[in-house]
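# A closer look at the structure
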Amino acid sequence: MCIRDRWRLYGYYEYKAALRGNSVVGKQEGPNNVRFQDGTVITFNCPSVRISGFLYGDRIIELFGDIHFEDKKNDLGLKLTFTERGFFGFGDHDSDYFTGDIVKLSNPEIKLSKVEGSFIGNIKFDGKCYWDLEKIDPFTESKIEEPLPSDCRYREDANYLARKDLDKAQEWKVKLEVLQRADRRLRHEFADRMKKTQ
């Protein structure tokens, strides 16, 4: 994805989810990379997502855990930690609130800046607001000309569903699920072999 030729966002992901009582917890695992014109690359991960209220109560979507950012070219790192609600849903801050410190990767004891904020409000560095949801210029998506064969635009089940051919869509959905189960089995077998050799 290229945004006004100033930066490029790319990466790959594996989605994981688990049902836990009245909620579903999901995670998008894999590196996200932002490459800037000067060659700087910032790599980061996504936090976990909890969707609660499936069986009873209010439906709430919240992020939790940490986001780690690394800029090796400039020797910078940041760990943002999201506030987690307590057992009864109370805490010092709302669950969209996060805090963290920008540090030197080579010496994490050296703290360069304090970060705090909310992704539905604003972000402050050392108390000064640098990003405000009410004042941002949204980005637009641009499709690449030669996507990989695994690009979601080529999913047969989705394409047949869009054409309202439900029988073919279901047939392709089953084929895709069989492939995904086989891939998962191969990954587990490989991981088991690697454990035995260690």
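Above this text sits the structure in question.
Keep in mind the model is a prediction, meaning the values are calculated, not measured.

Right, let's get into the overall build of the protein chain. Secondary structure assignment for the protein chain yields two helices and 14 strands. Here the C-alpha radius of gyration of the protein chain, 21 Å, is well above what a compact globule of 198 residues would show, namely 16 Å. Overall, the C-alpha framework of the protein chain stretches about 55 × 50 × 45 Å when taken along its three principal axes. Burial analysis of the protein chain (198 residues in total) assigns 22% to the buried set.

With that settled, the discussion passes to the sheet that holds strand β8 (residues 60-64). Reading across from one edge, β3-β4-β7-β8 is the order of the four strands in this open sheet, with antiparallel pairing throughout. The open sheet terminates on both sides in strands that have one partner only, identified here as β3 (14-20) and β8. For this sheet, the mean angle separating the axes of adjacent strands, direction not counted, is 20 degrees. Strand direction decides the pairing type here: β3 and strand β4 (residues 23-29), joined by seven bridges, are antiparallel. Counted as the bridge partner of Tyr15 is Gln28 from β4.

For the rest of this paragraph, the subject is unusual backbone geometry. For residues other than glycine, phi is negative in most cases, and the peptide bonds are mostly trans. The backbone of Asp75 sits at a positive phi, close to 60 degrees, despite the residue not being glycine. With respect to the secondary-structure elements, Asp75 resides in the loop between β9 (66-71) and β10 (76-82). Notably, Lys164 is not glycine yet its phi reads approximately 65 degrees, a positive angle. Relative to the elements of secondary structure, Lys164 occurs in the loop between α1 (156-162) and α2 (166-197).

About the cut-offs
- Residues numbered from 1 in each chain as written.
- Predicted model: local features only at pLDDT ≥ 70, side-chain atom pairs only at ≥ 80, totals over all residues.
- Heavy atoms only, no water.
- Helix = DSSP H or I, 4+ residues; strand = E, 2+ residues; numbered from the N terminus.
- Rg over C-alpha atoms; globule rule 2.2 N^0.38 Å.
- Buried < 20%, exposed > 50% of the residue type's maximum accessible area, 1.4 Å probe, protein only.
- Pairing = 2+ DSSP bridges.
- Axes fitted to C-alpha atoms, helices over the stretch in contact; angles between N-to-C directions.

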